[in-house]
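Secondary and tertiary structure notes
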Amino acid sequence: MQLSNEEEDYNLSLSKFESMLKTNKVLFFDSEEFEEIILHYLDIGKANLAKKALKLALDQHPKSTGLKLVQVEMLVYDDKLEIAEKLLNELYAIEPNNEEIYIQKANIYSKRDQHEKAVELLKIALEYTDDFADVYNLIGMEYLFMDNLEMAKDNFIKCLEEDLEDQSALYNVVYCFEFLDQNQEAITYLNQYINKNPYSEIAWHQLGRLHYGIKEYESAIRAFDYATLIDDEFLGAFMERAKAYERLKQYAEAIESYNRTIELDDATSYALLRIGKCYEKLGNKALALKYYNKTVHEDPLLDKGWIAITDFYVRQKNFQKALFFVNKALTIDNQNRLYWKRYATINKQMNFFEEAEFGYRKAVEFGDYALDTWLFWVDILQFLGEFESAIQTLLQASEYFPEENEVEYRLAGLYFMIQDNTKAKFHLSNGLRLNFDNYILIEDLFPVVWTKKTVQNYITKHKNNND
């Protein structure tokens, strides 16, 4: 690739400066060369070299406003705001129409969290600048700091009107639209932007993301297609397109897109996992398992990979293997309620009831308050003959589900089992009131209780009183 004359001059200046540092010879540079050298070192985080260059620059050009403004930038970078402000005031007295003075003053106020004052100064800078895009971008950032996203958005839009190629402003304007829940407005804006700048792969990608967010998957794919046509190595667009194809159940196309991401970069565990899931949806179990195994080989600490294999074997009803892999996932994340629930369900299927009870208990401990988790747990406690524990668990569940007939019928059955007939009848009455027809739960879960005449009579009496 050929370098432009400017790039060649810039590289020559940089080489010349670094050579000078090695030989301790003092060479002459014009002030603009020094500015570029200093800013280069600041950009790559070499502050000490930037300071050396600045000292030499000011020795050779003590009256250069440009270099003094770079000095201000470095003082602000080092949080020496008072010294920077004093130097700016001196420069203002010499060049009151220099927009950089107002921009740097605004930078100081921004550092002090005085963002409104910073905006005032940047608006003055607009009167003197030729680079409107940069100043509008800075104003937009100040409004972002103030959480005024409408004004931030307006200024990023103004920035893009001045410079269509400003990618940071494009990302920021989309961020503002999304934060304000203005997805449709964002789509309208991006379509207008694309009319002016049709070869912006960033705009097409962002448009695709927005369509995906509102479940317009066909439109999302179309936008991602354009992004990948403009840049055939745009990994993010291929990844997003694959996800959209998955949503449309077009699994073969999704696999193709995920594979493209692997061609562009090293295989990611995420892409391998998704390919496995797509193959499973297509009914190709061998390839699904192959990619699940590749996932955990690529990233052995990715618990989702182990869980994918667990779920695969659960669907095959191979619970022995499923148990092995869910234990792998729990080794990585032993506080995940979903994993504990799977552990419990698998053990229950294998008639390992004590292990299943432990799994449901841990699932609830880590925040799984779903009704079926409570009920599975209680039913196993009852099966193990732990009636008191089952009652305490149901009373805990009733705090989350105060009017749930399945909880009430179980409490009734358990209280009958421990001969506490008063509480049993209270909860049976609640169950019958909430859902009379579900009294069959007593027959299914507590056949011993169901055979009692008192229970039969109580249900019949309740029915007669409500007919």
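Scoring rules and cut-offs
- Residues numbered from 1 in each chain as written.
- Predicted model: local features only at pLDDT ≥ 70, side-chain atom pairs only at ≥ 80, totals over all residues.
- Heavy atoms only, no water.
- Helix = DSSP H or I, 4+ residues; strand = E, 2+ residues; numbered from the N terminus.
- Rg over C-alpha atoms; globule rule 2.2 N^0.38 Å.
- Buried < 20%, exposed > 50% of the residue type's maximum accessible area, 1.4 Å probe, protein only.
- Contact = heavy atoms within 4.5 Å.
- Areas by Shrake-Rupley, 256 points an atom, 1.4 Å probe, with all protein chains shown as cover.
- Lys, Arg positive; Asp, Glu negative; His and termini not counted.
- Charge placed at Lys NZ, Arg CZ, Asp CG, Glu CD.
- Phe/Tyr/Trp six-rings, centres within 6.5 Å; stacked < 30°, edge-to-face > 60°.
- Salt bridge = Lys/Arg side-chain N within 4 Å of Asp/Glu carboxyl O.
- Expected span 1.5 Å × (residues − 1).
- UniProt positions renumbered as here; feature names shortened; annotations may be inferred.

Broken down by element type, the chain carries 28 helices and zero strands. Relative to the compact-globule value of 23 Å for 467 residues, the chain shows a C-alpha radius of gyration of 34 Å, a clear excess of over 25%. Structurally, the chain occupies a C-alpha span of about 105 × 50 × 50 Å along its principal axes. Among the 467 residues that make up the chain, the fraction classed as buried is 45%. Sequence separation of at least 24 residues holds for 48% of the intrachain contacts in the chain that already meet a minimum separation of 6. Here the chain has roughly 25,200 Å² of accessible surface; of this, 48% comes from carbon and sulfur atoms. Taking the average place of the 52 positive charges on the side chains of the chain and the average place of its 79 negative ones, the gap between the two points comes to 8 Å.

On to the packing of aromatic side chains. Tallying each qualifying case throughout the model produces 23 aromatic pairs. Relative to tyrosine 189, the ring of phenylalanine 177 has its centre 5.9 Å away and its plane inclined at 35°; by these criteria the two rings are tilted. Highlighted residues: phenylalanine 177 in helix α10 (residues 167-179) and tyrosine 189 in helix α11 (residues 183-196), separated in sequence by 12 residues. A centroid spacing of 4.4 Å and a plane angle of 45° characterise the contact between phenylalanine 353 and phenylalanine 383, whose relative ring orientation is tilted. Here the residue phenylalanine 353 occupies a position in helix α21 (residues 353-365), and phenylalanine 383 occupies one in helix α22 (residues 371-383), the gap between them amounting to 30 residues.

Let us look at the pattern of salt bridges. Within the structure shown, the criterion is met by 16 salt bridges. In this structure, glutamate 120 and lysine 117 form a salt bridge, with 3.8 Å as the shortest nitrogen-oxygen distance. A residue pair is termed a helical-turn pair when its members lie 3 or 4 positions apart in one helix, as glutamate 120 and lysine 117 do in helix α7 (residues 115-128) at three residues. Owing to a relative accessible area of 45%, glutamate 120 belongs among the partly exposed residues under this scheme. Given the relative accessible area of 34%, lysine 117 is considered partly exposed. A salt bridge links arginine 361 to glutamate 357; the shortest N-O distance between them is 3.1 Å. Placement of the pair is arginine 361 and glutamate 357 together in helix α21, with a separation of four residues, close to one helical turn.

Bringing helix α20 (residues 337-349) into the picture now. Over its 13 residues, α20 extends 18 Å from the first C-alpha to the last, a length consistent with the 18 Å expected when each residue adds 1.5 Å. The positive-phi residue at the C-terminal boundary of α20 is asparagine 351, with phi of around 65°.

Mapped onto the present numbering, the UniProt feature "repeat: TPR" (unreviewed entry) falls at residues 133-166, 201-234, 235-268 and 269-302. Secondary structure over residues 133-166 splits into 79% helix and 0% strand, and the C-alpha atoms at its two ends are 8 Å apart.

Turning next to unusual backbone geometry. Phi is mostly negative for residues that are not glycine, and the peptide bonds are mostly trans. Phi is positive for aspartate 113, which is not a glycine, with a value near 65°. By the element assignment, aspartate 113 lies in the loop between α6 (99-111) and α7. A relative accessible area of 60% means that aspartate 113 is categorised as exposed. With a phi close to 65°, asparagine 351 is a non-glycine residue in the positive phi region. Owing to a relative accessible area of 53%, asparagine 351 belongs among the exposed residues under this scheme.

All right, on to the side chain of arginine 274 then. By the element assignment, arginine 274 lies in helix α16 (residues 269-281). Look past the residues within four positions of arginine 274 in its chain and what remains in contact with it is Glu246 and Tyr258.

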